[in-house]
Amino acid sequence: MIHPRISASVGAGGSNGAPDVRVVQDLLNRAADAGLDVDGACGSLTIGAITDYQQGFLRRPDGRVDPEGLTLRKLRDAAGARPQRPPGQGGGSSPSGGASSGTRLQALGSGKGFYSYARTDRQFAGDPLLGALRDVGHRLARAGLEYGVGDLSFEQGGTMRPHKTHTAGRHADLRPIRSDAGRSPTNINDPSYSRDSTRLLVESLQAQSSIDQILFNDREIAGVKQWPAHDNHLHVRVR
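This report concerns the structure included in the present document.

Basis of the calculations
- Residues numbered from 1 in each chain as written.
- Predicted model: local features only at pLDDT ≥ 70, side-chain atom pairs only at ≥ 80, totals over all residues.
- Heavy atoms only, no water.
- Helix = DSSP H or I, 4+ residues; strand = E, 2+ residues; numbered from the N terminus.
- Buried < 20%, exposed > 50% of the residue type's maximum accessible area, 1.4 Å probe, protein only.
- Contact = heavy atoms within 4.5 Å.
- Pairing = 2+ DSSP bridges.
- Core = buried A, V, L, I, M, F, W, Y, C linked by side-chain atoms within 4.5 Å.
- Polar contact = N/O pair within 3.5 Å; in protein donor to acceptor, adjacent residues only side chain to side chain.

**Some remarks on the overall build of the protein chain**
Right, on to step 1. Helix and strand counts for the protein chain stand at 5 helices and 9 strands.
Right, on to step 2. Along the protein chain, from the amino end to the carboxyl end, the secondary structure elements read β-α-α-β-α-β-β-β-α-β-β-α-β-β.
Right, on to step 3. In the protein chain, which comprises 239 residues, the proportion classed as buried is 47%.
Right, on to step 4. Taking the contacts inside the protein chain whose residues are at least 6 apart along the sequence as the reference set, 58% of them involve residues at least 24 apart.

Dropping the structure here:
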């Protein structure tokens, strides 16, 4: 069982000392596949991931983890109880895809209607996913919009921490579109989030025959599947 401690509160209104933030980020990744960088910086993504996790057991999530509080206990229990699975062995309705370590993939590069917010070495994918992402970019560019593309896969596939997917060039993390056309993070509870523009993004993704799953937590957008810790990004998978 995992029993990490924090010395002060982390999250909304917290002290947010870097060592404590790293503990919480690591627990969120282990317990809820939050996909956070364990960098000790408590920004909107970390607070959003805390809030998302609390929705499963609090009537009024506050986006904060307190020392020895309920949220920290829940995170410890979930992280300690969760079995470690080999890459690609997702079960049930998990968004996992098959691992293909050693597969050589192609770089996303630049294009119309999208920008990158991940390191270039984490933005390799197979042709079906690359083609879909580029086509979506062209569709959005015609509407005067652009969307952000995050982690895809490594050039030769394999495990990409902290993800359990992104192993074989079939998965992509995408950023919701902001109302101010900025390139900063946002989430469905933030005033900067544009539902109308993000709905157009989702509809453009749904028009791609190769895409068979879109995880995102805006219940007002049709055709997406709710999944823990997906308030601040969309997760798409190709067949």
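**With respect to the pairing of strand β8 (residues 211–215)**
Right, on to step 1. In terms of residue burial, β8 counts as a mostly covered element, since 4 of its 5 residues are buried.
Right, on to step 2. Judged from the 4 bridges that link them, β8 and strand β9 (residues 234–238) form a sheet pairing that is antiparallel. Paired with L215 across the two strands is H235, which belongs to β9.

**Digging into the nonpolar core**
Right, on to step 1. Residues L133, Y147, L152, L174 and L205 are the most contacted members of the largest nonpolar core, which totals 28 residues.
Right, on to step 2. If you list the elements that add at least two residues to this core, you get α4 (127–142), β6 (147–149), β7 (171–175), α5 (195–206), β8 and β9.
Right, on to step 3. Counting residues per element, this core draws most heavily on α4, which supplies 6 residues.
Right, on to step 4. Leave out the neighbours within four places in its chain, and L133 touches L108, F114, Y147, V149, L152, A172 and L174.
Right, on to step 5. Counting residues in each nonpolar core, the second largest holds 18 residues, with I6, L27, L28 and A49 among its members.

**Quick look at the side chain of Q54**
Right, on to step 1. On the secondary structure map, Q54 appears in helix α2 (residues 44–54).
Right, on to step 2. For Q54, the side chain forms a polar contact with the side chain of T71, separated by 3.0 Å.
Right, on to step 3. Once you skip the residues sitting within four places of it in the chain, Q54 turns out to touch P61, D62, G63, R64 and T71.

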